[in-house]
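# Fold and geometry: a report
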Amino acid sequence: MEIPISYLLKFVEEDAPYGDITSEAVIPREMSAKGVIIAKQEGIIAGVDEARKLFEYFGVEVNVKKQDGEFVKKGDVIMEVKGNARAILLVERTALNIIGRMSGIATETRRLVDIVREVNPKVKIAGTRKSLLRLLDKKAIMIGGGEPHRFSLSDAILIKDNHLALVPLEEAIRRAKEFSVYKVVEVEVESLEDAIKAAKAGADVIMLDNMTPEEIERVIEELKKLGLREKVKIEISGGITPENIREYARLDVDVISLGYLTHSVKNFDVSLEIVG
């Protein structure tokens, strides 16, 4: 997945709307420097490609030592940079922010993917749209081995509670399927009754939202009795955490989606050190 340089430059422009006045005041214009970006903890590295693009855009030479998706240990050099000192310092914080956020998401995604695979290899881990840094966060989830879910409202049809507050469930599904034969139709439900209605109405994916494992198990049993389970994919979401994900992964479901991956994960610790 390629993220455009125009998207990345917005972060630099936000950080230095009128230039980096500290470097301009202190660092001679033609001074050169060398630096290294170092991992301060272990985990899955991500955001390397984005950082490389930014440094290179400003004329800095980059030697990538660790690729996106690689496991790194504390003290590992992720990349070396060489070039104009002002340019390196201009990009420094933005590059570290991107690597830190994306690596934090990728690391936690990989951890949860590994936990779930031990319990139920067929279950996939997915993110949600609970993020404003959508492209970076979705790519990080993919690097960590998870599914991105929807990138935007334009990607797939997901009928949620507020849609159903305005249009009855069966009618909403009928309208959605008539709207496009090419788009997956997913519907969010919170009860056994609505899950059965959604399956009978032809939903492709049923999201069981904020249900306990016992409630989900009952829904699946009823769908099987009615011969409907194999006709739909089951996604579960809401209230799922690293502490209880094993319990949910044991169920006969297809996808576990977690907003946690993008709204609560800690940044990965990285630093840039000038070495000459």
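The rules we used
- Residues numbered from 1 in each chain as written.
- Predicted model: local features only at pLDDT ≥ 70, side-chain atom pairs only at ≥ 80, totals over all residues.
- Heavy atoms only, no water.
- Domains from an automatic or database assignment.
- Contact = heavy atoms within 4.5 Å.
- Buried area = accessible area lost by both parts, 1.4 Å probe.
- Salt bridge = Lys/Arg side-chain N within 4 Å of Asp/Glu carboxyl O.
- Polar contact = N/O pair within 3.5 Å; in protein donor to acceptor, adjacent residues only side chain to side chain.
- Helix = DSSP H or I, 4+ residues; strand = E, 2+ residues; numbered from the N terminus.
- Nonpolar A, V, L, I, M, F, W, Y, C, P; charged D, E, K, R; others polar.
- Core = buried A, V, L, I, M, F, W, Y, C linked by side-chain atoms within 4.5 Å.
- Buried < 20%, exposed > 50% of the residue type's maximum accessible area, 1.4 Å probe, protein only.

Annotation of the protein chain at the domain level lists domain 1 (3–103 + 265–273) and domain 2 (109–262). Of the residues lining the interface, 15 residues belong to domain 1; the matching set on domain 2 comes to 13 residues. Between domain 1 and domain 2 the total buried area reaches about 1200 Å² when both faces are included, carbon and sulfur atoms providing 68% of it. Summed over the three residues of domain 1 that lose the most area to domain 2, namely Arg101, Met102 and Val265, the buried surface amounts to 45% of that side. Counting across the domain 1 and domain 2 interface gives two salt bridges. In this structure, the connection of domain 1 to domain 2 is made through four residue pairs in polar contact (both at pLDDT 80 or more). Listing elements by their share of the side of domain 1 that touches domain 2, those giving two or more residues are α1 (5–15), α3 (48–57) and α4 (85–119). Broken down by class, the residue content of the side of domain 1 that touches domain 2 amounts to 10 nonpolar, one polar and four charged.

Judged by nonpolar contacts, the single largest core of 83 residues is most densely connected at Phe55, Ile206, Leu208 and Ile256. Broken down by element, this core gets its largest block of residues, 16 residues, from α4. If you count residues domain by domain, this core takes at least three from each of domain 1 (3–103 + 265–273) and domain 2 (109–262). Sequence-distant contacts of isoleucine 206, that is, excluding residues within four places in its chain, are made with Val187, Val189, Ala195, Ala198, Ala199, Val232, Lys233, Ile234 and Glu235.

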